[in-house]
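Structural overview
Spelled out, the chains give:
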Amino acid sequence: MQLQEMLLAEHSKAQTNYVIAWVGHSQKRFDELVALFTGTDKLLAQRAGWPLSYIANEHPELVKKHLKKIIANLHRPGLHNAIKRNTVRFLQNMEIPEALQGEVMDLCFGYIEDIKEKGAIKAFSLTILYNLSRQYPEILQEIKAVIESRMDLETPAFKARARMFLK
């Protein structure tokens, strides 16, 4: 079965696990998954996100050569929440190369400041910003200011992450 067929067959945890097992440690198969995730077919991109984020967490070496492309993908207009959510989900657990840190920081600040952004995307973005604040302590005050101004308006996911961050 081709990867596209696997992704379109159904959207479930079982199917996601099937795709994860199919990709395994294969760089070639992971490359194919990334191509679908960053491609123009919106449904395939959405469906590719869930397994991609799990594989990236388990095998960060597979995603390294694609990071620039995956992060650039976040700038596309009309991007589905699943693309953003799955990208920031794995980025929160990765060592982000210095050349991409500024761009990731800007994206994450944009997400946490956007009142229309989904809670999970904001929560993952807070974790990324916290991780980056270890290298750039000067951003701590800006993060705190955003948290304090938004706290009463946010989802439980954001509030939980924000409380952890403020400690």
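Residues numbered from 1 in each chain as written. Predicted model: local features only at pLDDT ≥ 70, side-chain atom pairs only at ≥ 80, totals over all residues. Heavy atoms only, no water.

1. Details of the side chain of Gln92
Relative to the assigned elements, Gln92 resides in the loop between α7 (81-91) and α8 (98-113). A polar contact of 3.0 Å, which involves the side chain of Gln92, links it to the side chain of Arg161. (Helix = DSSP H or I, 4+ residues; strand = E, 2+ residues; numbered from the N terminus. Polar contact = N/O pair within 3.5 Å; in protein donor to acceptor, adjacent residues only side chain to side chain.)

2. Examining the packing of helix α3 (residues 27-37) against helix α4 (residues 42-58)
One can describe the packing of α3 onto α4 by two numbers: an axis separation of 8 Å at closest approach and a directional angle of 135°. With respect to α4, the element α3 is oriented oblique. Seen from above, α3 lies across α4 with left-handed handedness. Contacts between α3 and α4 involve Phe30, Leu33, Val34, Leu36 and Phe37 from the former and Leu44, Ala45, Ala48, Gly49, Pro51, Leu52 and Ile55 from the latter. Here the contact of α3 with α4 is built from residues that sort into eleven nonpolar, one polar and no charged. (Axes fitted to C-alpha atoms, helices over the stretch in contact; angles between N-to-C directions. Parallel < 35°, antiparallel > 145°, perpendicular 65-115°, else oblique. Left-handed = near helix turned anticlockwise from the far one by under 90°. Contact = heavy atoms within 4.5 Å. Nonpolar A, V, L, I, M, F, W, Y, C, P; charged D, E, K, R; others polar.)

3. Overview of the nonpolar core
Counting residues in each nonpolar core, the largest one holds 52 residues, and the members touching the most others are Phe30, Leu33 and Phe90. Here this core gets eight residues from one element, more than from any other, and that element is α8. Once residues within four sequence positions are removed from consideration, Phe90 is found in contact with Leu52, Ser53, Ala56, Asn57, Val63, Leu67 and Ile70. (Core = buried A, V, L, I, M, F, W, Y, C linked by side-chain atoms within 4.5 Å. Buried < 20%, exposed > 50% of the residue type's maximum accessible area, 1.4 Å probe, protein only.)

4. Considering the environment of Val23
Residue placement: Val23 occurs in helix α2 (residues 13-23). What Val23 contacts, discounting residues up to four positions off in sequence, is Arg29, Phe30, Leu33 and Ile55.

5. Things to note about the environment of His11
Inspection of the secondary structure puts His11 in the loop between α1 (3-9) and α2. With residues near it in sequence (within four places) discarded, His11 still touches Arg47 and Trp50.

6. A word on the side chain of Asn86
You can see Asn86 is positioned in helix α7. Residue class for Asn86 comes out buried when judged on its relative accessible area of 2%. For Asn86, the side chain forms a polar contact with the side chain of Arg89, separated by 2.5 Å. Ignoring any residue separated from it by four or fewer positions in sequence, one finds Asn86 in contact with Gly49, Trp50 and Ser53.

7. Here's the deal with the packing of aromatic side chains
Centre distance and the angle of the planes are the two values used to describe a pair of aromatic rings. Taken as a whole and judged by the stated rule, the model has one aromatic pair. Between Tyr130 and Phe165 the ring centres are 5.6 Å apart and the planes differ by 80°, which places this aromatic pair in the edge-to-face class. Residue Tyr130 is located in helix α9 (residues 119-133), and its partner Phe165 is located in helix α11 (residues 156-166); the two are separated by 35 residues in the primary sequence. (Phe/Tyr/Trp six-rings, centres within 6.5 Å; stacked < 30°, edge-to-face > 60°.)

8. Side note on the pattern of salt bridges
Using the criterion set out here, one finds four salt bridges in the structure. Note that Lys84 is salt-bridged to Glu117, the shortest N-O span being 3.1 Å. Of this pair, Lys84 sits in helix α7 while Glu117 sits in the loop between α8 and α9, and the two are 33 residues apart along the sequence. Note on Lys84: relative accessible area 13%, which makes it buried. Residue Glu117 is classed as buried on the basis of its relative accessible area of 9%. With a shortest N-O distance of 3.0 Å, Arg150 and Glu154 are connected by a salt bridge. Across the pair, Glu154 and Arg150 agree in class, each one buried. Several salt bridges converge on common partners, so that one network encompasses Lys122, Arg150 and Glu154. (Salt bridge = Lys/Arg side-chain N within 4 Å of Asp/Glu carboxyl O.)

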